[in-house]
Amino acid sequence: MTTVGLIGSGNIGGTLARLAVAAGYEVVLSNSRGPETLTELVDELGQHASAGMAQDAAQVGDLVVVSVPLKAYRAVPVEPLAGKVVIDTNNYYTERDGNFPELDSGEVTSSELLQRHLPDARVVKVFNNIFFKHLASLARPSGAADRSALAIAGDDAAAKSEVTEFLDRIGYDAVDVGPLAEGWRYQPDTPAYGTLYSADPTNWEHPKRGDADTLRALLAAAIR
């Protein structure tokens, strides 16, 4: 049974843990405050979930999700992630993260920063453009007519294939955007960010299907 390690277990990380357990994965959760703060979530998820430190989640995860504020990306363990597929859910928010000149200039994307920090890992960007409540409620079985799609970007084709399989198992199709450098196409303030999955752009409490064709069109419409 594949184990999903989660470095960061907030809104997106916690939602992914629930979807992963429902899909038959084992999960190891972690956050910056310590495993004792995750007891309630672990109890909710049951016997296929446990909590530890970030190092533990990185070490035991066959697939590892990094869902921490961008300003904390340098705290992600490096050595235990060598060779592993790492899912990056992050976004760059200056009001939270401060300013990164290389991101402000467009020199790199936020996922490329994580890839530089984890030179031997295989980073794939996904889950950053969907509200966590929509992520929880829009999951559908493979082949369902009302299935939604999520954008993925990465520099390693095999890693993207593994992430596509993970998405399929937890309830989503994948749209491959290309290398990590193209991840800007679904970052904040682009057409594909957020409202694709919302029935009302002013009230994100009501989800709607975000199909693959619509997602592709919005990605193509992005202007840098």
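Above this text you will find the structure in question.
Keep in mind it's a predicted model, so treat the numbers as computed, not measured.

Asker: I tried to follow the packing of aromatic side chains on my own but got confused; where do I start?
Answerer: The description of two aromatic rings rests on the distance between their centres and on the angle between their planes. Summed over all chains, the structure comprises 6 aromatic pairs. Centroid distance Tyr25 to Phe166: 5.2 Å. Interplanar angle 70°. Geometry classified as edge-to-face. Taken together, the residues Tyr25 in the loop between helix 1 (11-22) and strand 2 (26-30) and Phe166 in helix 8 (residues 157-170) connect sequence positions 141 residues apart. Among the residues examined, Phe166 registers a relative accessible area of 2% and is labelled buried. Between Tyr73 and Phe100, the aromatic rings sit 6.3 Å apart at their centres with planes inclined by 45°, giving tilted as the arrangement. One end of the pair, Tyr73, is in the loop between strand 4 (63-66) and strand 5 (85-88); the other, Phe100, is in the loop between helix 4 (94-97) and helix 5 (101-104), and 27 residues separate them in sequence. One aromatic cluster is present, built from ring pairs that chain together Phe131, Phe132, Tyr193 and Trp204.

Asker: Explanation requested: the environment of Arg122 in the structure shown.
Answerer: Following the sequence through the fold, Arg122 ends up in strand 6 (residues 122-125). What makes Arg122 partly exposed here is its relative accessible area of 21%. In this structure, the C-alpha to C-alpha distance between Arg122 and Ser198, residues 76 residues apart in sequence, is 31 Å. When residues no more than four places from it in sequence are discounted, the contact partners of Arg122 are Gly83, Lys84, Val85, Val86, Gln115, Asp156, Ala158, Ala159 and Glu162.

Asker: Help me understand helix 6 (residues 110-117) in this model?
Answerer: Note: α-helices contain 3.6 residues per turn, so residues at a spacing of three or four share the same orientation. Most of helix 6 is tucked away: 6 of the 8 residues are buried. When helix 6 is considered as a whole, its buried residues turn out to be Ser110, Ser111, Leu113, Leu114, Gln115 and His117. In this fold, the buried residues of helix 6 make contact with strand 4, strand 5, helix 5 and strand 6.

Asker: Please explain the nonpolar core as it appears in this structure.
Answerer: Side chains of a nonpolar character, in soluble globular proteins, are inclined to be buried together. By size, the foremost hydrophobic cluster in this structure holds 45 residues, and its most contacted members are Leu29 and Phe127. The dominant element in this core, judged by the number of residues it contributes, is helix 1, at 6 residues. Setting aside residues no more than four positions away along its own chain, Phe127 makes contact with Ile12, Leu16, Ile87, Thr89, Leu135, Leu150, Phe166, Leu167 and Ile170.

Criteria and thresholds
- Residues numbered from 1 in each chain as written.
- Predicted model: local features only at pLDDT ≥ 70, side-chain atom pairs only at ≥ 80, totals over all residues.
- Heavy atoms only, no water.
- Phe/Tyr/Trp six-rings, centres within 6.5 Å; stacked < 30°, edge-to-face > 60°.
- Helix = DSSP H or I, 4+ residues; strand = E, 2+ residues; numbered from the N terminus.
- Buried < 20%, exposed > 50% of the residue type's maximum accessible area, 1.4 Å probe, protein only.
- Contact = heavy atoms within 4.5 Å.
- Core = buried A, V, L, I, M, F, W, Y, C linked by side-chain atoms within 4.5 Å.

Shape is all these values report; function is a separate question.
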